[in-house]
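# Summary of structural features
Residue strings, one per chain:
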Amino acid sequence: MAGTAVSERGGGRLGDHGLLFEYTAKFLLLAGFLELVLYRLVSRLGMHLSKLAQKYDSLRITLKALSSIGFTLLNLVSMLVFLALFLLLLNKNRAIGIARYDSLLIPSVSFLVLLTVAFLLFPPTMLGSVIYNAAFIVVLAILVAEHLEANHSWLQRGTVLCFVLGIGGWVYYQTLSTTYGLLKLAAAPPFVHEVNRIGEALMVLASILVFWAYGATPLWTSNKRQRRRAAIFAIVGGSVFLGLLGLDYLLGLYDPTVAESVRKAGEGIGWIFQMGMGYTFYLPFAFYVAGLLCWSYTVIKLLTIGRLAGYGLGLMFIAGYALQLSHLTLMVVLGLMLLNLDKRRSMAPAGEAEIEEGLLPQATQTLLSERT
């Protein structure tokens, strides 16, 4: 009965799915963000600053402590992802037959989770990695089909398609490279590097589109606070984007040596993000910053009004582009499932949504192995 009630309401609020799931999702989002910063990014920064860390003990100890905390968070995030998926699948199983795609989604996601657990106990071979990626592609296809059928907003459809095609670029690169290695073929797979770069560009584009799809406030809204926030964000974000876009040119006019130093610093940042999230930063730096600002604003706004889309979008982009760890793959699946549960909320009339935004209070040995 509880599952049926959730499905009939559309599950647009986090609290609709039970207290345990609510706090699991909240802690997962927070722990996932901290794990991204402290483990996937800071640990890579420590490798980048290894020579400097050898010279200064305080820096070495600080980086080591932060990396240790991040390493612990990795295990915590893994357990929370498994728990959140288990609770969500349990709720869906109770209400099976109401949502059209649940009969396909529940067994496919369950198989992916069981496959992940099996690979934790028995590290996968190349064939196992290919099978895992194939199962992931099937789950993505079901989730995208569900989203496209239930959501009538072309902007939101475009955002999800852009994100999934972006992730598909990484999956294509990883799957074909592993398959060629399995077949012991020395030739490079067709278009793997080109598709990988296109996928990264689509991911950056998706992080910008989420603002217009989920976070933008119409200029004609009667909510003055929302109008003011949107105006401030547009001014600040536009200024930062245009400033960064022309920074290299202006520094080149001022002092070519300074411009070269800034370019090298940008390459260092790109290296850290490539190791931690899979972004190579081959695009102009301004686009990555614009994506970060748009995504952050949208997620914070949706979280303050209690929408599941905020948690879904947060997890999807925290997972990053290169899904080298199993829990990152499951985070993408969980994020898309939460986004689909929010679909009926996103189709509510604009006036109703504005009233709710104005009245609601403002808010706040590892378990996983790297896949070849």
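Residues numbered from 1 in each chain as written. Predicted model: local features only at pLDDT ≥ 70, side-chain atom pairs only at ≥ 80, totals over all residues. Heavy atoms only, no water.

Turning our attention to helix α5 (residues 102–121). With 20 residues, α5 ought to run about 28 Å at 1.5 Å a step, and its terminal C-alpha atoms sit 28 Å apart, in line with that. Along α5, the positions that sit buried rather than exposed are Asp102, Leu105, Ile106, Ser108, Val109, Leu112, Val113, Leu115, Thr116 and Phe119. (Helix = DSSP H or I, 4+ residues; strand = E, 2+ residues; numbered from the N terminus. Expected span 1.5 Å × (residues − 1). Buried < 20%, exposed > 50% of the residue type's maximum accessible area, 1.4 Å probe, protein only.)

Confidence in the prediction for the protein chain averages 78 pLDDT; 74% of positions are at 70 or higher. Of the regions scoring below 50 in pLDDT, residues 344–372 engages in 66 contacts with residues more than four places distant in sequence or in other chains. (pLDDT = per-residue confidence, 0-100. Contact = heavy atoms within 4.5 Å.)

Quick look at the packing of aromatic side chains now. The final tally for this structure, using the stated rule, is eleven aromatic pairs. On the numbers, 4.2 Å between centres and 5 degrees between planes, the contact of phenylalanine 281 with tyrosine 288 is stacked. Since its relative accessible area comes to 16%, phenylalanine 281 is described here as buried. According to the relative accessible area criterion, tyrosine 288 is buried, its value standing at 10%. Put simply, the rings of Trp170, Tyr173, Tyr279, Phe281, Phe285, Tyr288 and Tyr321 touch in pairs and so form one group of aromatic residues. Its guanidinium or amino end placed over the ring of tryptophan 154, arginine 157 lies 4.6 Å from that ring's centre, counting from NZ or CZ. (Phe/Tyr/Trp six-rings, centres within 6.5 Å; stacked < 30°, edge-to-face > 60°. Lys NZ or Arg CZ within 6 Å of the ring centre and 35° of its normal.)

Bringing helix α14 (residues 326–341) into the picture now. With 16 residues, α14 should reach 22 Å at 1.5 Å per residue; the first-to-last C-alpha distance of 23 Å fits that figure. Counting buried positions over the 16 residues of α14 gives 16, a clear majority of the element.

Here we take up the nonpolar core. Counting residues in hydrophobic clusters, the biggest one holds 82 residues, and the most contacted among them are Val109, Phe136, Phe163, Leu313, Phe317, Met337 and Leu338. Contact partners of phenylalanine 136, with chain neighbours within four places excluded, come to Leu112, Ile167, Val171, Leu323, Thr329, Val332 and Val333. (Core = buried A, V, L, I, M, F, W, Y, C linked by side-chain atoms within 4.5 Å.)

The next subject is a nonpolar patch on the surface. A cluster of nonpolar residues, Met126, Leu127, Ile131, Leu182, Leu183 and Leu185, forms a patch on the protein surface that exposes about 520 Å² of accessible area. Top contributing element to the nonpolar patch by residue count: helix α6 (residues 126–150), with three residues. If you trace the backbone, leucine 182 turns up in helix α7 (residues 154–182). (Patch = residues over 30% accessible without salt bridge, like charges linked within 9 Å, V, L, I, M, F, W, Y side chains within 5 Å. Areas by Shrake-Rupley, 256 points an atom, 1.4 Å probe, with all protein chains shown as cover. Salt bridge = Lys/Arg side-chain N within 4 Å of Asp/Glu carboxyl O.)

In this section: the packing of helix α8 (residues 192–215) against helix α12 (residues 285–304). Describing two packed helices takes the angle between their axes plus the distance from one axis to the other. Contact geometry of α8 with α12 gives a least axis separation of 8 Å together with a crossing angle of 40 degrees. For the pair α8 and α12, the sense of crossing is left-handed. In this structure, α8 uses Glu200, Val204, Ser207, Ile208, Val210, Phe211, Tyr214 and Gly215 to contact α12, whose residues at the interface are Phe287, Tyr288, Ala290, Gly291, Cys294, Trp295, Tyr297, Thr298, Lys301 and Leu302. For the contact of α8 with α12, the class distribution of residues is twelve nonpolar, four polar and two charged. (Axes fitted to C-alpha atoms, helices over the stretch in contact; angles between N-to-C directions. Left-handed = near helix turned anticlockwise from the far one by under 90°. Nonpolar A, V, L, I, M, F, W, Y, C, P; charged D, E, K, R; others polar.)

Our next topic: unusual backbone geometry. For lysine 184, which is not glycine, the phi dihedral falls at a positive 60 degrees. Among the secondary structure elements, lysine 184 is positioned in the loop between α7 and α8. A positive phi angle is found at phenylalanine 281, which is not glycine, with a value near 60 degrees. Examined against the element boundaries, phenylalanine 281 turns out to sit in the loop between α11 (256–276) and α12.

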